[in-house]
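Summary of structural features
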Amino acid sequence: MAEHGMRVGQGFDIHRYSDDPDRPLVLGGVRFEGQRGLHGHSDADVVAHACIEALLAAAGLGDIGQLFSDTDPAWAGADSLELLRLAADAVRDAGWDPVNVSCTVVIDAPRIAPHRDTMQDRLNAAAGAPINITARRSEGVGALGRGEGVAAWAVALVAGPSDRQDRAGSGEPS
Ligand code: MG
């Protein structure tokens, strides 16, 4: 059984743009047609990966590479929403309930705002917990400003057994 209480975890991911013109851009489970894709072993969904990393960190389960090795052919071209689902299951198996995740992505194009609700809904369904997405432009700063890639940061909160009971007793959603 996991220790009681709540824990936070931090996640970060960065992917460079791919030279392959046929590679789609996938962010938060949304496919952006006609946009440059990101290089990666899976679908390179940098938003989903940062969320996975944060959830695993909160549960003390290491990092995404331990669960989904980027040399394992099983994960080649993988749908990262499925990876998020598996990671959230691993967190629950370890005795922790995902409470929420907050993720910020730095990207200049496309605009995220029109797709935010869809991204959040898909991530939420995969993780079984609310995931909030915010987006920022690079303001021309550094490698992200030169359009070399996309980065995302995330923070996750997970609850252990006793805190789940406390929250259920107080009438708050568990
Ligand atoms: Mg990644």
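What comes next concerns the included structure. For clarity, every value in this text was computed on a predicted model and none was experimentally measured. Within each chain, residues carry numbers counting from 1 in the order of the written sequence. The model is predicted, so local features are restricted to residues of pLDDT at least 70 and side-chain atom pairs to those at 80 or more, both for listing and for counting; the totals for chains, interfaces and linings are taken over all residues. As a rule here, side-chain values cover all heavy atoms of the structure and leave hydrogens and water aside.

We now examine the pattern of salt bridges. We count a salt bridge whenever a side-chain nitrogen from Lys or Arg sits within 4 Å of a carboxyl oxygen from Asp or Glu. Under the counting rule described, the total for this entry stands at 4 salt bridges. Ionic pairing is found between Arg31 and Glu33, a salt bridge with its closest N-O pair at 3.1 Å. Each member of the pair, Arg31 as well as Glu33, is classed as exposed. Note that Asp89 and Arg92 form a salt bridge whose closest N and O atoms lie 3.5 Å from each other. In this pair, Asp89 and Arg92 are both assigned in helix α3 (residues 80-93), 3 residues apart and thus about one turn of the helix distant. Here the term buried applies to any residue with accessible area under 20% of the maximum for its type, exposed to any over 50%, and partly exposed to those in between, with areas from a 1.4 Å probe on protein chains only. Under the DSSP-based scheme used, a helix requires at least four consecutive residues in state H or I and a strand at least two consecutive residues in state E, with every element numbered from the N terminus.

Another aspect to go through is the coordination of the magnesium ion. Looking at the magnesium ion, the protein donor atoms are Asp13 (OD), His15 (NE2) and His49 (ND1), and they sit 2.1 to 2.2 Å from it. In primary sequence terms, the donor set of the magnesium ion follows D-x1-H-x33-H. Summarising the burial analysis for this pair, Asp13 and His15 share the class buried. We call an atom a donor if it is N, O or S and sits within 2.8 Å of the metal, or 3.2 Å for Na, K and Ca. Water is not counted, so some sites may look partial.

So, about the layout of surface pockets. Empty pockets left among the atoms are what a rolling probe the size of a water molecule brings to light. Residues are called lining when one of their atoms sits within 4 Å of a cavity or pocket point, these points coming from a 1 Å grid over the protein atoms alone, where a cavity is a set in which a 1.4 Å probe fits but cannot get out and a pocket is an open set with protein on both sides within 12 Å along at least five of seven lines. Grid points are joined across faces, edges and corners, and a volume is the space filled by probe spheres set on the points. Approximately 270 Å³ is the volume found for the largest pocket. Looking at the largest pocket, the residues that line it are Asp13, His15, His41, Ser42, His49, Ile64, Gly65, Phe68, Ser69, Asp70, Trp75 and Leu83. For the lining of the largest pocket, the elements supplying multiple residues, two or more each, are β1 (6-16) and α2 (64-67). Residue classes follow a fixed rule: Ala, Val, Leu, Ile, Met, Phe, Trp, Tyr, Cys and Pro count as nonpolar, while Asp, Glu, Lys and Arg count as charged, and any other residue, Gly among them, counts as polar. Along the lines of polarity and charge, the residues of the lining of the largest pocket split into 4 nonpolar, 6 polar and 2 charged.

Turning our attention to the sheet that holds strand β6 (residues 149-159). In space, the 4 strands of this open sheet follow the order β1-β6-β4-β5, with mixed pairing throughout. The sheet is open, and its two borders are formed by β1 and β5 (131-136), each paired with just one other strand. Taken over all neighbouring pairs, the strand axes of this sheet differ in orientation by 15° on average, direction set aside. In this structure, strand β4 (residues 97-106) lies alongside β5, joined through 6 bridges in parallel fashion. Here, any two strands with at least 2 DSSP bridges between them count as paired. Whenever a helix is involved, its axis is fitted only over the stretch in contact; in every case the axis is a line through C-alpha atoms, and angles between N-to-C directions fall within 0 to 180 degrees.

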